[in-house]
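Chain residues, written in single-letter form:
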Amino acid sequence: MPSKGCYSAPSWAASTSDSSIDPFSLEVLKDGVISNKIDLPLHNTRSYYTLGRQEGTVDIFLAHASISRTHAMLQYRNDGALLLFDNNSAHGTSINKKVIEKGIHHRLYVGDMIKFGASTRLYIVNGPENQTLSAINTSATGTSSTISTSAALEQASDDMDTGISLGHEESN
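Residues numbered from 1 in each chain as written. Predicted model: local features only at pLDDT ≥ 70, side-chain atom pairs only at ≥ 80, totals over all residues. Heavy atoms only, no water.

Here we take up the environment of Tyr49. Inspection of the secondary structure assignment puts Tyr49 in strand β3 (residues 48-52). Taking the C-alpha atoms as reference, Tyr49 lies 9.7 Å from Leu84; in sequence the two are 35 residues apart. The contacts of Tyr49, once residues within four sequence positions are left out, are Asp39, Leu40, Pro41, His43, Asp59, Ile60, Ala72, Met73, Leu74 and Tyr76. Of note is the side chain of Tyr49, whose polar atom sits 2.3 Å from the backbone oxygen of Pro41. (Helix = DSSP H or I, 4+ residues; strand = E, 2+ residues; numbered from the N terminus. Contact = heavy atoms within 4.5 Å. Polar contact = N/O pair within 3.5 Å; in protein donor to acceptor, adjacent residues only side chain to side chain.)

Following this line, the structure appears as C-alpha cells:
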C-alpha cells in the first residue's frame, strides 16, 4: 500500500493528450439539494484530481474535519473510466454506502454516490452514458452524452426519509 500522501499515476492512466476521453463531473448533494457541480476535465499535466481538506494543495477542497489533508484521488483510466483511490485516509471513503478498501483503485460508474469521511455531503458521479454500470454490464457502446442523475437523487432522498439504519432488522 502506498504511504499516506504519496500518489503517482499508474501505468494504465489516461494520457493527458487523449482528446477522445469524455469528462466526468460530480454533483454535490447537501441536505437533499444539489449545491454545486464540479467538472472533471482531463488535466493538461496529469490524469488525476486530488481531494482533501488541505486548501491550496488539493484540486478539490473538501471542508469537513473528518476529511484527511489529501483524502483521495479521482483517476482517469486509458479506456475513459474514472476510478477512486482512498489515500489511506483516517476516516475512509464510501461508494454507494459501502466503505472501500484503502490504497487501491475502485471503478466508478455514472450515478454512483461517494461519501468522504463523516461528511454529510454526497458526491454524485455524472458522465458519459457508456460509463453507467448497465452499459458496462451489457457491453453496450452507448453515446458520449451526459446522463441525468435524477434516479440517484430520488434514491438519496428516499434514503434520507427512512432515517438511519444500523444494518439490523428491527423485531416487533
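Once you've had a look at it, read on.
Attention now moves to the pairing of strand β6 (residues 82-86). Burial analysis of β6 places five of its five residues in the buried class, which makes it a mostly covered element. Side chains Leu82, Leu84 and Asp86 of β6 all project onto a buried face; the interleaved residues Leu83 and Phe85 project onto the opposite face, where all are buried too. Bridge count between strand β5 (residues 72-76) and β6: five bridges; the pairing is antiparallel. Looking across to β6, one finds that Met73 is bridged to Phe85. Counted between consecutive antiparallel strands, the loop separating β5 from β6 contains five residues, among which Gly80 sits at a positive phi close to 95 degrees. Bridge count for β6 against strand β9 (residues 105-108) is four bridges, and the pairing is antiparallel. Within β9, the position partnered with Leu84 by the bridge is His106. (Buried < 20%, exposed > 50% of the residue type's maximum accessible area, 1.4 Å probe, protein only. Pairing = 2+ DSSP bridges.)

Here we come to the sheet that holds strand β7 (residues 93-95). The strand order across the open sheet formed by six strands is β2-β1-β11-β10-β7-β8, and the pairing between neighbours is antiparallel. The sheet is open, and its two borders are formed by β2 (33-40) and β8 (98-99), each paired with just one other strand. One ladder, built from two bridges, connects strand β10 (residues 113-116) with strand β11 (residues 122-126); its direction is antiparallel. By the bridge assignment, Ile114 is partnered in β11 with Tyr123.

Another aspect to go through is the nonpolar core. If you look at the biggest cluster of nonpolar residues, it comprises 26 residues, and the most contacted ones within it are Leu40, Leu74, Tyr76, Leu84 and Phe116. At the level of elements, β1 (24-30), β2, β3, β5, β6, β10 and β11 are the ones that each hand at least two residues to this core. (Core = buried A, V, L, I, M, F, W, Y, C linked by side-chain atoms within 4.5 Å.)

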